[in-house]
Amino acid sequence: MADVISAPFHAGTTPVERRNYLTEPKGLWSWLATVDHKRIGIMYLISVMAFFLVGGIFALLIRLSLFDPSHMIFGHKMLDAETYNKVFTMHGVIMVFLFIIPSIPAALGNFVLPMMLGAKDVAFPRLNLASFYIYWTGAALAMVAIVTGGVDTGWTFYTPYSTSTQTSVAWMAMGIFIAGFSSIFTGLNFIATIHKLRAPGMGWFDMPLFCWGMYATALMQVLATPVLAITLLLMTIERLFRIGIFDASLGGDPVLFQHFFWFYSHPAVYIMIVPGMAIVSEIIPVFSRKTIFGYRMIAFSSIGIALIGFLVWGHHMFVAGQSQTAVVVFSFLTFIVAIPSAIKVWNWLATMYHGSISLETPMLYAISFILLFAIGGLTGVFLGALSLDVHLTDTYFVVAHFHYVMMGGTVVAFLGGLHYWWPKITGRMYNERLGQIAAALVFIGFNATFFPQFIMGGQGMPRRYYNYLPQFQPMHAFSTVGSWIIGAGLFLTLGYLLASLRKPYDAPDNPWGGKTMEWQTQSPPLTENFEVQPVATHGPYDFFPVGTH
Amino acid sequence: MSDHTTILENTQAAGHGSEEAHAHGPRNPVRLYTLILTCLLILTGLTVLVAQFDFGDWNVFAAMIIATIKASLVALFFMHLLHDKGMNAIILCTALVFLGLFLSFDFMDSTTRFEITPANGAAPAGSDFHRPKNLGVPFGGAKNVKPPAEAPK
Amino acid sequence: MSSISTPVTEAHEDAAHGQHDPNLQHHFATKEQQFDTSKIGIWLFLATEILMFGGLFVGFAYMQSRFPEAFFEGHKHLLKVAGTLNTVVLLVSSFTMVLAVHYARTSKRKKLIICLAITMFCALIFLGVKYIEYTHEFSEGLYPGRYFSNPDDPTGHEFIFFSFYFMMTGLHGIHILAGLCVMAWLLRRAIRGDFSRNYYTPVDVVGLYWHLVDIIWIYLFPLLYLIR
C-alpha cells in the first residue's frame, strides 16, 4: 500500500535541506501573519511553554515558602502571607488558563489534527490566527493584573471576597474573559474541521482517536466557556456596581457564583484531561506495535466524559451551602463520570497486553500517565463520596488529587506528545537517553512532591494555608525537595529539546512507524502538508499482531 | 494529466458552480417570509395582550410559550433550519439542552434548600434587609425624582 | 473507498484554464464543502452566544425567584410602548435581513442593497429607542446596583432588577451595535458586487447572527417588560 506520499527519506543519505513549512515563506511578518496551522501551533507552543515556566517558578516559590512553618529556607525568608496568597492565585490562574487549557489543543492539536485528517488546514485558518492573538490579548491583561498588585482570591475567585478585595481582580477577570474566546474559537474550528475536512475514505470511525479526543474537547470548549465569560463579567460588574447577585449583604447568593463558576470549570478540567488521554491513545498502539483495543469504546468514552462532565459541577460545592438534594444528585453523577475514564485505562492496558513494547520517551510518558492518572482519578472518586468529602475538602488531599490528574495526567501526556511529534514538527530527533532520564526525574519528582500531600490532607492540613502546624513540616519539606526534582527534569527536557534544534534535519519521516496520516509525509512537513491529497486506505492503527505477516 | 480537470468540471457542472447544493427550499420565499412576519407580529400583540391578565404562577409560563413559538418561527424559517442540513439544528438544540441543564440544576438546588431559622426566635437572615445608603449617585443625581410624601411601608 | 486524488497544484492549473474561483479557499475541495463548513461554524458561534446570554437569563430567573415583588415593582418603571416598538422593529429587521439573504442568493444586487439598508435602519431605530428609554430611566434615578437612587422602592431590592435590566439590554445592545458594524461592511461589499448566487456566504452568516439577536430580544421583552 502506498503509505508514503511525499518524497521519502532514505536512510544512509546525507540529510537534505528540504523545502518545508519552516523554511518558507521567510521573515518575521510571514510568521506573525501566518494562517498555516503548523506555524500557529508553533507560536502557541512557545507561548504555553513560556507560561508553564512562569507558573512553575511560582510553584517553586510556594514550595520554598512552605518548606518550614517559619517560611525560612537556607537562611532566607521566603514569601510573606499577602504575597503568598497572590502567588498561589497567580500559579493557579496562569497554569489553568494560560498553560494547560491551550497546551494540547492549541499547540499540538493545531499542528497535528489537520494532518491526521489528511486536510490542508483547519476549517477557518484566519480564525485560528485570530484565536492566537486573542489568547495573547487576554494574557496581556492578566499580566497587567500581576504587575498592578496581583490577585489574592485563589484561582476560583469565590465571592464575596473577590467582589470586595482591593487587588487587581477586574484586570484578571477581563484577561481571562478574553482568553476564553481564544479557547472557544479553537474548539469551534476543530469541530468544523473534523466534521467537514476528513480525507476521502475516512469515516468517523476511521479517524485517529486523537481526533475523537479533540472533538470531545472542542464540544466542551464551545458549550462551557461562554458560561465562564458571563460569570467573569457578572463578577466584575458586581465589583464595580454592587449589583447584588452574588453578595449576601445585598440579597444575593454566593453559592450562585459557585454554580456559575463551576458549570464551566468542571468541564474545563475535562478539557484539560481528554486531550491528554487522546495523546496516550495515539502513543500506546504505536509503541506496542499493536492495534488499539476497543477503538469504539475509547471514542465513545471521550464523548461520554464530555457530556457527563457537564452534570457533576456541584461536587466542588458539597460544603458550600447547596441543598441536600443537590449534593446527593451531584455525588451520584460524579461516580458515573468515572466510568468512561476507567474504560479508557482498561483499553490501553489491553492494547499493551501481548504487544511488542518499546520504551522510548513517548511511551515512558504514556505509561506514567496511566499510573498517575489512575491514582488521580481514583482519588477523585474518594472526593465524590459525600461523607469523605466533608473531611477532605479544602485540604491538601484535593491539591494532591488535582495535581495528579492535571500534572501527572495532562502535563505528562503533553510531554509525551511533544516528544512523539517532535521529529515531525522540527525534523530533528531529540537525545533519547536524556529524554528517558528526564522522564524518570519527572516521574520520581512528581510522586515525591504530591504523594505526601495526600497523606497531609488526610491528616487535616488545609489547602492554601500559609501557616501550618509543625507536625506537617517533614512532609512539606519532602514535597519541596520533590519539586526540585521535577524542576530538574523539566529544565533538562527544555535543554535537550532546544539543543536538538541546532542539528540539521536528521529525523526520518516516520521514526516510530506510526500508521496515522501525519507520518505519511515528510518531516518537517510541507506548508500544504501533502503533495497529493491523501486517501484513507487503511485504519489508523493497522499494526499486524506479533507473529503474523 | 487531465483527470483533475475533468473532476473539477464535473463538480462545477453538478452544482453550476453555485453554493446551493440542493434545489429544495421554499418555493416562494418572499411570500413565505411575509407570512411568517405577519404571524410574528400577531404573536407579539398576543404577548402584550396576555400580559394584561393575571394567571398567577402561569404568567411566566404563558409568556415563555408564546416567545418560544416566535423564536421557533424565526429559527425554522428565517434561519432556514427547516430546509438546511440537520447538523445545524443539532447544534442549536444541543446549546439549548445544556442551557436547560444549567438552569434546572441551579433551581433544583435553590428550591430544595431550607430557611435557617435562628433558635432564639429572630427573623431569618435577610428578611429585614435595608439597602445600604450613600453608595454614591453618578451624573449629579436623578433629575425627575420627587422625595416620597411619606415613609415607604 | 474512492480513488479521487486532487493534486494541490490544481489551483495553478486552474488559473491557466481560467477556472480558479477566488471565493474558494485553498483548503476546501468544493464550494459546497466550504459553504456547509461556514454554516456549521456560524451555528457553533450562535451556540456560544446562547450559552452566554443564557447565563444572564439563569441569573435573572434565580434572582427573580428570590425577590418577585421587587422585580414586579421594578418593571413598572419600564416604558412598555418603547419595548413593544423595539420588538416590532427587530422583527421587521429580521424579515428584511432574510430577504437580503434571498436576494443575494438570487443575484438581485439592488434589492439586496435595499434590504440591507433597511435592516441597518431598523437597528438604528432600535438603538435610538433604547437611548430614549435609558435617559428616561436615568432621569428617574433608575441606575444599576449601587447607583440606584429612586426613592419609590417599597421592596428595597429594585436595584437588583435594574442591574439585570441594564446588563441584559446593555449586552444585547452591544450585539446590535456589532451587528450594525458588520452589516455596514456587508453593505459595502454588496455595493461592490461581491455577492451572487455563486457566493453569498457572508450575507447568510451575518443574517443568522442577526436572527439570533432578534430571538434574544423576543425572550428579553416579555421577561423584563411584561412580567406580573
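All values derive from a computational prediction rather than experimental measurement.

Reading the values: the criteria
Residues numbered from 1 in each chain as written. Chains lettered and ligands numbered in written order. Predicted model: local features only at pLDDT ≥ 70, side-chain atom pairs only at ≥ 80, totals over all residues. Heavy atoms only, no water. Helix = DSSP H or I, 4+ residues; strand = E, 2+ residues; numbered from the N terminus. Buried < 20%, exposed > 50% of the residue type's maximum accessible area, 1.4 Å probe, protein only. Contact = heavy atoms within 4.5 Å. Areas by Shrake-Rupley, 256 points an atom, 1.4 Å probe, with all protein chains shown as cover. Rg over C-alpha atoms; globule rule 2.2 N^0.38 Å. Lys, Arg positive; Asp, Glu negative; His and termini not counted. Charge placed at Lys NZ, Arg CZ, Asp CG, Glu CD. Salt bridge = Lys/Arg side-chain N within 4 Å of Asp/Glu carboxyl O. Polar contact = N/O pair within 3.5 Å; in protein donor to acceptor, adjacent residues only side chain to side chain. Nonpolar A, V, L, I, M, F, W, Y, C, P; charged D, E, K, R; others polar. Axes fitted to C-alpha atoms, helices over the stretch in contact; angles between N-to-C directions. Parallel < 35°, antiparallel > 145°, perpendicular 65-115°, else oblique. pLDDT = per-residue confidence, 0-100. Phe/Tyr/Trp six-rings, centres within 6.5 Å; stacked < 30°, edge-to-face > 60°. Lys NZ or Arg CZ within 6 Å of the ring centre and 35° of its normal. 1 Å grid on protein atoms, 1.4 Å probe; cavity = no way out; pocket = protein on both sides within 12 Å on 5 of 7 lines; lining within 4 Å. Points joined across faces, edges and corners; volume = space filled by probe spheres on them. Expected span 1.5 Å × (residues − 1). Bend = angle between axes of the 7 residues up to and from the residue.

**Examining the overall build of chain B**
- On a plain count of helices and strands, chain B comes out with four helices and zero strands.
- Going from the N terminus to the C terminus, chain B shows its helices and strands as α-α-α-α.
- In chain B, buried positions account for 30% of the 153 residues.
- Intrachain contacts of chain B at a sequence separation of at least 6 include 54% that bridge at least 24 residues.
- Approximately 9800 Å² of chain B is accessible, and the part contributed by carbon and sulfur atoms is 65%.

**Re the overall build of chain A**
- Assigned secondary structure in chain A consists of 15 helices and two strands.
- Relative to a compact globule of 549 residues, whose C-alpha radius of gyration would be 24 Å, chain A shows 23 Å and is just as compact.
- By residue count, 63% of the 549 residues in chain A fall in the buried class.
- Long-range pairs, those at least 24 residues apart, make up 82% of the contacts in chain A with a sequence separation of at least 6.
- Put simply, chain A shows about 18500 Å² of open surface, and 71% of that area lies on carbon and sulfur atoms.
- For chain A, the separation between the mean place of its 26 positive charges and that of its 24 negative charges on side chains is 4 Å.

**Details of the interface of chain A and chain B**
- Counting from both sides, the interface comprises 25 residues of chain A and, opposite them, 15 residues of chain B.
- Linking chain A to chain B there are one salt bridge.
- Measuring nitrogen to oxygen at the nearest pair gives 3.1 Å for the salt bridge that ties Arg113 of chain B to Asp253 of chain A.
- At the boundary of chain A and chain B, one finds five residue pairs in polar contact (both at pLDDT 80 or more).
- Residue assignment for the side of chain A that touches chain B shows that the elements contributing at least two residues are helix H7 (209-241), helix H8 (254-288) and helix H10 (324-352) of chain A.
- Of the residues contributing to the side of chain A that touches chain B, the split by class is 15 nonpolar, eight polar and two charged.

**Overview of the packing of helix H2 (residues 29-50) of chain B against helix H3 (residues 58-78) of chain B**
All names here are of chain B.
- Contact geometry for H2 and H3: axes closest at 10 Å, N-to-C directions at 170°. When the axis of H2 is compared with that of H3, the two are roughly antiparallel. On H3, the residues that touch Leu32, Tyr33, Ile36, Leu37, Cys39, Leu40, Leu43, Thr44, Leu46, Thr47 and Val50 of H2 are Ala62, Ile66, Ile69, Lys70, Leu73, Val74, Phe77 and Phe78.
- Of the residues belonging to the contact of H2 with H3, the class tally is 16 nonpolar, two polar and one charged.

**Structural notes on the confidence of the model for chain B**
Residues and elements named next belong to chain B.
- Per-chain confidence: chain B averages 73 in pLDDT, with 59% of residues scoring 70 or above.
- At the low end of the mean pLDDT range in chain B sits helix H1 (residues 3-15), at 41; at the high end sits helix H4 (residues 86-111), at 95.
- Note that residues 129-153 has pLDDT below 50 and, in this model, 38 contacts with residues that lie over four places away or in other chains.
- This prediction of the complex comes with two scores: 0.90 for pTM and 0.93 for ipTM.

**Considerations on the confidence of the model for chain A**
- When pLDDT is averaged along chain A, the result is 94; 96% of the residues meet or exceed 70.
- Note on residues 1-14 of chain A: pLDDT under 50 across the span, and 20 contacts to partners over four residues away in sequence or across chains.

**Topic: unusual backbone geometry**
- For the peptide bond that leads from Glu24 of chain A to Pro25 of chain A, omega is -5°, which places it in the cis range.
- With respect to the helices and strands, Pro25 of chain A occurs in the segment before helix H1 (28-32).
- In this chain, Ser523 of chain A is followed by Pro524 of chain A through a cis amide linkage whose omega measures -15°.
- For His354 of chain A, which is not a glycine, the phi torsion comes out positive at approximately 65°.
- On the secondary structure map, His354 of chain A appears in the loop between H10 and helix H11 (361-384).
- Phi at Ser107 of chain C takes a positive value of approximately 60°, unusual for a residue other than glycine.
- As for its placement among the helices and strands, Ser107 of chain C is situated in the loop between helix H4 (80-105) and helix H5 (109-139).

**Topic: the packing of aromatic side chains**
Residue and element names in this part refer to chain A.
- A complete count under the given rule lists 74 aromatic pairs over all chains for this structure.
- A ring pair is formed by Trp212 and Phe300, whose centres lie 6.5 Å apart and whose planes are at 65°; its orientation type is edge-to-face. Here the residue Trp212 occupies a position in helix H7, and Phe300 occupies one in helix H9 (residues 295-308), the gap between them amounting to 88 residues.
- Overall, the relative accessible area of 6% leaves Trp212 in the buried class.
- Over the face of the ring belonging to Phe205 we find Arg296, whose NZ or CZ atom lies 3.8 Å from the ring centre.

**As for the side chain of Thr163 of chain A**
- Counting through the fold element by element, Thr163 of chain A comes out in helix H5 (residues 161-164).
- Leave out the neighbours within four places in its chain, and Thr163 of chain A touches Met235, Glu238 and Arg239 of chain A.

**A word on empty space enclosed by the protein**
- One pass over the full model with this rule turns up five cavities of 30 Å³ or more.
- In this structure, the largest cavity occupies an estimated 130 Å³ of space.
- Forming the walls of the largest cavity are 16 residues, and the residues nearest its centre are Phe97, Ile101, Pro102, Ala179 and Ser183 of chain A.
- Of all the secondary-structure elements, those providing two or more residues to the lining of the largest cavity are helix H3 (81-117), helix H6 (169-196) and H7 of chain A.
- For the lining of the largest cavity, the element with the highest residue contribution is H6 of chain A, accounting for six residues.
- Class assignment for the residues of the lining of the largest cavity results in ten nonpolar, six polar and no charged.
- Along the wall of the second largest cavity there are 13 residues; nearest its centre are Ala51, Asn59, Val60 and Ala63 of chain B together with Leu226 of chain C.
- Of all the secondary-structure elements, those providing two or more residues to the lining of the second largest cavity are H2 and H3 of chain B.
- Per element, the largest residue contribution to the lining of the second largest cavity is four residues, and it comes from H3 of chain B.
- Taken together, the residues of the lining of the second largest cavity sort by class into ten nonpolar, two polar and one charged.

**Observations regarding H8 of chain A**
Residue and element names in this part refer to chain A.
- With 35 residues, H8 extends 50 Å between its outermost C-alpha atoms, agreeing within 8% with the 51 Å of an ideal straight helix rising 1.5 Å per residue.
- Of all the bends in H8, the greatest measures close to 35° and is centred on Trp262.
- With 33 of its 35 residues buried, H8 lies for the most part within the structure.
- The backbone nitrogen of Val255 has a side-chain oxygen 3.0 Å away, supplied by the residue at the start of H8, namely Asp253.

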